[in-house]
Amino acid sequence: MTAEKNIFVPLIINNVDVKLPEDTLTFTPESFNASPQTKSNVIAQGTDIANCHAAVDSCARAFELWRATPPVARRTLILRLAELLRSRGAEILQIMQAEIHASSQWANINLEESILMIQETAALVTSPSLAGSIPSSQDPAAQALIFVEPLGVILGIAPWNSPLILGFRACLPAIAAGNTAILKGSELSPRTHYFIASLFREAGFPPGVCNFLLHRGVDAAAIFEEIIERHEVRKCNFTGSTLVGRHIASKAAMELKPCLMELGGKNFAVVLGDADVEKAAEMVCDGAFLNVSPVLRADFSQIRF
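One numbering rule holds for all chains: residues counted from 1, following each sequence as written. Restriction of local features to residues with pLDDT of at least 70 applies here, the model being predicted, together with a cutoff of 80 or more for giving and counting side-chain atom pairs; totals for whole chains, interfaces and linings are based on all residues. In computing side-chain values, all of the structure's heavy atoms are included and hydrogens and water are not.

**Considerations on the nonpolar core**
Here's step 1: Buried Ala, Val, Leu, Ile, Met, Phe, Trp, Tyr and Cys residues that are joined via side-chain atoms within 4.5 Å together make up what is termed a nonpolar core. Three exposure classes are used, based on accessible area relative to the maximum for each residue type with a 1.4 Å probe and protein chains only: buried under 20%, partly exposed in between, and exposed over 50%. Formed by 70 residues in total, the largest nonpolar core has its most connected members in Leu85, Phe168, Phe200 and Phe205.
Here's step 2: The criterion used for residue contact is that any of the two residues' heavy atoms lie within 4.5 Å. Beyond its immediate sequence surroundings of up to four residues, Phe168 is in contact with Leu81, Leu85, Ser114, Met117, Ile118, Pro173, Ile196, Leu199 and Phe200.

Here it is as structure tokens:
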């Protein structure tokens with residue numbers, strides 16, 4: 001019989017793993033709890049209010065240097081991130097399959113699409129997209145210049161259901177554009193989201209460019225409000241439910257801060273009149289249930305249209 005082992009998931013602030021001296025805010029992710037696949041217990045560190053402020057302070061300090069980092073240097077670090085992710089692919093595949101019970105297919109999609117996204121982001125750093133422009137002016141004696149400037153500290157809130165792709169998406173574009181980011185991971189996929197933040201550290205990104213926070217579900221509203229009220233935090237990126245999105249948008253609006261949101265997607269599809277309807281129905285069903293354990297997928301396979 002395999003002995004169970006404990007896996008602890010800390011916070012990351014200023015490129016340092018953080019564990020609070022008391023265990024009052026730690027939690028066990030629902031999906032693990034002595035997972036039969038890994039024979040392990042996962043304990044995640046929830047943040048307190050003090051470490052919320054420490055994460056923002058760290059990002060704010062790092063921003064002044066990171067925004068001045070040459071685009072070519074940022075691109076080099078981002079490409080290094082893609083290389084590291086590829087080299088540690090087997091590790092993150094195992095984590096996702098154990099943590100959210102993803103199928104092998106869904107875990108591999110997360111890995112391959114994340115690598116492509118990172119590589120594409122690296123290319124954009126030195127492209128005209130982030131270089132500004134010189135538009136024409138009505139006055140022939142005048143010149144207009146448009147500069148692309150980073151905002152500051154960005155809060156990225158990632159969901160559990162596509163943890164690698166959406167975890168990177170929550171923080172990588174902001175960092176590539178010269179911002180610093182706090183990745184607030186899901187309490188249902190803390191290991192995957194910790195892996196993302198630790199990969200930034202391993203790739204050589206300076207301390208404070210990507211900080212990582214977790215919290216218990218019951219603390220979600222209080223933690224978000226504490227962070228979004230800080231004047232250094234300039235924008236929020238959230239992917240999740242419409243219900244939670246309404247709260248985030250309303251609170252951010254009170255602080256006059258923009259939100260980028262993806263809420264309540266339902267895998268809609270357009271099926272044209274000349275399509276093979278039976279095949280289309282099967283493909284829509286497959287797409288809707290890609291992130292489902294193999295046991296449940298076997299049950300879905302019995303559905304007939």
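**Here's the deal with the UniProt feature "active site" (unreviewed entry) in the protein chain**
Here's step 1: In the numbering used here, UniProt assigns the feature "active site" (unreviewed entry) to Glu262.
Here's step 2: As for its placement among the helices and strands, Glu262 is situated in strand β9 (residues 259-263).
Here's step 3: Of the residues examined, Glu262 reaches a relative accessible area of 41% and is grouped as partly exposed.
Here's step 4: Once you skip the residues sitting within four places of it in the chain, Glu262 turns out to touch Arg169, Phe238, Thr239 and Gly240. UniProt positions are given in the numbering used here, feature names are shortened, and annotations may be inferred rather than shown by experiment. The helix and strand labels rest on DSSP assignments: H or I over at least four residues marks a helix, E over at least two residues marks a strand, and numbering proceeds from the N terminus.

**Let's talk about helix α2 (residues 71-87)**
Here's step 1: Any helix carries an expected span of 1.5 Å times its number of residues minus one. Given a rise of 1.5 Å per residue, 17 residues ought to cover 24 Å, and the 24 Å separating the end C-alpha atoms of α2 matches this to within 8%.
Here's step 2: For α2, the complete set of buried residues consists of Arg74, Leu77, Ile78, Leu81, Ala82, Leu84 and Leu85. Down the axis of α2, the buried side of the element spans an arc of 165°, and every buried residue falls inside it.
Here's step 3: Where the residues of α2 are buried, they touch α1 (49-66), α3 (89-99), α4 (104-125), α5 (163-176) and α6 (190-203). Throughout, the arc means that of the directions going from the helix axis to the C-beta atoms.

**What to know about the side chain of Ser114**
Here's step 1: With respect to the element layout, Ser114 can be found in helix α4.
Here's step 2: Taking the relative accessible area as the measure of exposure, Ser114 reaches 0% and is therefore buried.
Here's step 3: The residues contacting Ser114, other than those within four sequence positions of it, are Leu85, Leu164, Ile165 and Phe168.

**Focus on the pattern of salt bridges**
Here's step 1: Salt bridges are identified by distance alone: a Lys or Arg side-chain nitrogen within 4 Å of an Asp or Glu carboxyl oxygen. Across all of its chains, the model carries 13 salt bridges by this definition.
Here's step 2: Where Glu91 meets Arg88, a salt bridge forms, and the shortest distance between an N and an O atom there is 2.9 Å.
Here's step 3: Residue class for Glu91 comes out partly exposed when judged on its relative accessible area of 36%.
Here's step 4: A salt bridge links Arg230 to Glu232; its shortest N-O distance comes to 3.0 Å. With respect to class, Arg230 is no different from Glu232; both count as buried.
Here's step 5: Several salt bridges share partner residues, and in doing so they unite Asp57, Arg230 and Glu232 into one network.

**A few points about the packing of α3 against α4**
Working note: a packed helix pair is described by the angle between its axes plus the distance between those axes.
Here's step 1: α4 packs onto α3 with a crossing angle of 130° between their chain directions and a minimal axis gap of 9 Å. Between α3 and α4, the angle falls in the class oblique. With respect to the hand of their crossing, α3 and α4 are arranged in right-handed fashion. Here α3 contributes Gly89, Ile92, Leu93, Met96 and Gln97 to the contact with α4, which in turn contributes Ser104, Ala107, Asn108, Asn110 and Leu111.
Here's step 2: Each residue gets one label: Ala, Val, Leu, Ile, Met, Phe, Trp, Tyr, Cys and Pro are nonpolar, Asp, Glu, Lys and Arg are charged, and the others, such as Gly, are polar. For the contact of α3 with α4, the per-class residue count stands at five nonpolar, five polar and no charged. A fitted line through C-alpha atoms serves as each axis, taken over the contacting stretch for helices, and the angle formed by two N-to-C directions is quoted from 0 to 180°. For classification purposes, angles smaller than 35 degrees are called roughly parallel, those larger than 145 roughly antiparallel, those between 65 and 115 roughly perpendicular, and all remaining angles oblique. Left-handed is the label given to a crossing in which the near helix is rotated counterclockwise from the far helix by less than a right angle, and right-handed is the label when the rotation is clockwise.

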